[in-house]
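Structural overview for review
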Amino acid sequence: MVERGEVANSWRHERWDSLRLLTPNWQFRLPDLSYDGPDPDGYMGMTEVVERIERFAASAGARLRTGTNVTSVCRTDDGYRVTTDHGEIGCRTIVIATGACNQPAVPAFAHAVPQTVEQLTPFDYREPSRLRDAGVLVVGASATGVQLAAELKASGRPVTLSVGEHVRLPRTYRGRDVLWWMDASGVWDQRHDELDDLTRARRLPSPQLVGTPGRTTLDLNALSAMGVKLVGRWAAIRDGRALFSGGLRNVCSLADLKMGRLLGVFDDWASARGIEADVDPPERLAPTQMPPAPGLQLDLTSGEIGTVIWATGFRPDYRWLKVPVLDSKGHLRHNGGVVIDSPGLYALGLPVLRRRKSTFIHGIEDDAREVIEQLARSLANGSVGPALRSGATR
Ligand SMILES: Cc1cc2nc3c(=O)[nH]c(=O)nc-3n(C[C@H](O)[C@H](O)[C@H](O)COP(=O)(O)OP(=O)(O)OC[C@H]3O[C@@H](n4cnc5c(N)ncnc54)[C@H](O)[C@@H]3O)c2cc1C
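This text gives an overview of the structure that appears in the document. (Residues numbered from 1 in each chain as written. Predicted model: local features only at pLDDT ≥ 70, side-chain atom pairs only at ≥ 80, totals over all residues. Heavy atoms only, no water.)

As a further point, take the overall build of the protein chain. From N to C terminus, the protein chain includes eight helices and 21 strands. Since a compact globule built from 394 residues should have a radius of gyration of about 21 Å, the 23 Å found for the protein chain is in line with a globular shape. Seen through its principal axes, the protein chain has C-alpha atoms that stretch 65 × 60 × 40 Å. By the burial criterion, 48% of the 394 residues in the protein chain qualify as buried. Taking the contacts inside the protein chain whose residues are at least 6 apart along the sequence as the reference set, 68% of them involve residues at least 24 apart. Approximately 18800 Å² of the protein chain is accessible, and the part contributed by carbon and sulfur atoms is 50%. Distance from the positive charge centre (48 side chains) to the negative charge centre (47 side chains) of the protein chain: 5 Å. (Helix = DSSP H or I, 4+ residues; strand = E, 2+ residues; numbered from the N terminus. Rg over C-alpha atoms; globule rule 2.2 N^0.38 Å. Buried < 20%, exposed > 50% of the residue type's maximum accessible area, 1.4 Å probe, protein only. Contact = heavy atoms within 4.5 Å. Areas by Shrake-Rupley, 256 points an atom, 1.4 Å probe, with all protein chains shown as cover. Lys, Arg positive; Asp, Glu negative; His and termini not counted. Charge placed at Lys NZ, Arg CZ, Asp CG, Glu CD.)

This part is about the pairing of strand E7 (residues 135-139). With five of five residues buried, E7 lies mostly within the body of the structure. What you see with E7 is no split at all: Gly135, Leu137 and Val139 on one side and Val136 and Val138 on the other are buried throughout. In this sheet, strand E17 (residues 305-310) lies alongside E7 in parallel orientation, the contact comprising five bridges. Looking across to E17, one finds that Val136 is bridged to Thr307. Direction of pairing for E7 relative to strand E8 (residues 159-162): parallel, over a ladder of four bridges. Opposite Val139, over in E8, you have Ser162 as the bridge partner. (Pairing = 2+ DSSP bridges.)

This part is about the site of the ligand. The local shell around the ligand holds 24 residues, among which Glu3, Ser10, Leu22, Thr23 and Ile361 are the closest. Between a nitrogen atom of the ligand and a side-chain N or O atom of Asn69, the distance comes to 3.4 Å. In isolation the ligand exposes 980 Å². Once the protein is present, 86% of that is buried. Among the elements that make up the shell around the ligand, the one with the highest residue count is helix H1 (residues 9-13) (three residues). When the residues that make up the shell around the ligand are grouped by side-chain class, the tally is 12 nonpolar, nine polar and three charged. (Near = heavy atom within 4 Å. Polar contact = N/O pair within 3.5 Å; in protein donor to acceptor, adjacent residues only side chain to side chain. Nonpolar A, V, L, I, M, F, W, Y, C, P; charged D, E, K, R; others polar.)

Below is the structure:
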């Protein structure tokens, strides 16, 4: 196994200081390594995440080559040639497990932000005191954006949050963590080949959740109550002014509607399973409150905004992959982790790879088992590697 950094590299080097998992501790399930700490309903910080992944790596006994960066992967007559900064490796099969969040996804118009405004991504952001003493515009209202907006507002800065499409969820529902419901009701186990719109499911942003000791809900109503100013999606920039979409109400109504539907699925499951007595009665959350007149533009040259934080999502980085298996958007073309048109190439850890839970720590085990079974079958029946000699080489 080849890793450019250290074990748990992304958790060590690509996260901000205060981050805690948004998945509860009991859900930190790796093969043969369940959570055994004192706080199953809590949310662990990065030190503990790294320590547990290190423990898993040691117990799994896999041969690891850390500090080894893969700089290219090319096809050969009988498989693939992997070039690293420490030499070459020839192999018949490869599992690409380089993650779904290697680089921040920042809109192209970011280059037009005036130079007087500092721009950060979640990879650069560490903690509020490192930012200028001025207002902050956080762009994106999914898990990262709502968490950073709350932290920056609590630090005393004026915060404006630009809100596009988002997934609203309460932290707890009917007395249980909302992710307990996702798990228990089977929503998280829904398979890629059962979903009506797989493409859409794979593009869904992360839910508005935060892991705090008080199990607080961090939706837009909570942020408004803290004094965060909400504006619509940042659509363009002109003459140093950020121009926001007028569709804030629509994206919020849609998020409210979808949350209501999901809670309805949980309610139906609870009554079908006859567990009504074990959970609190059904609840419904207040609709997202709209600001009276959401701003449609913001002058970035006035000094009001000192920093823009792009919490606009992440994307994988496949610049090293010299095999034609990416679509026009730069995503790997695969069917449940079996890369299309490239025998011997497999993937893990991508959104809804095989199940809705595929990109979560506890979600990879089931996918890995199935993908590796398929890989092993292909190796055994000779359909990868040498078979490429018969014309499939590009
Ligand atoms: C901000 C944030 C918060 C998250 N919170 C949660 C959470 O609360 N709960 C949860 O379950 N999940 C969470 N996730 C999702 C989390 O990233 C995944 O659960 C998990 O990290 C996926 O593991 P992975 O090994 O597939 O990918 P990664 O952890 O990204 O690991 C990929 C590894 O590949 C290495 N690599 C990449 N390119 C190369 C190369 N060319 N050569 C060699 N090595 C390479 C990287 O260094 C990295 O170590 C969060 C993600 C983010 C971004």
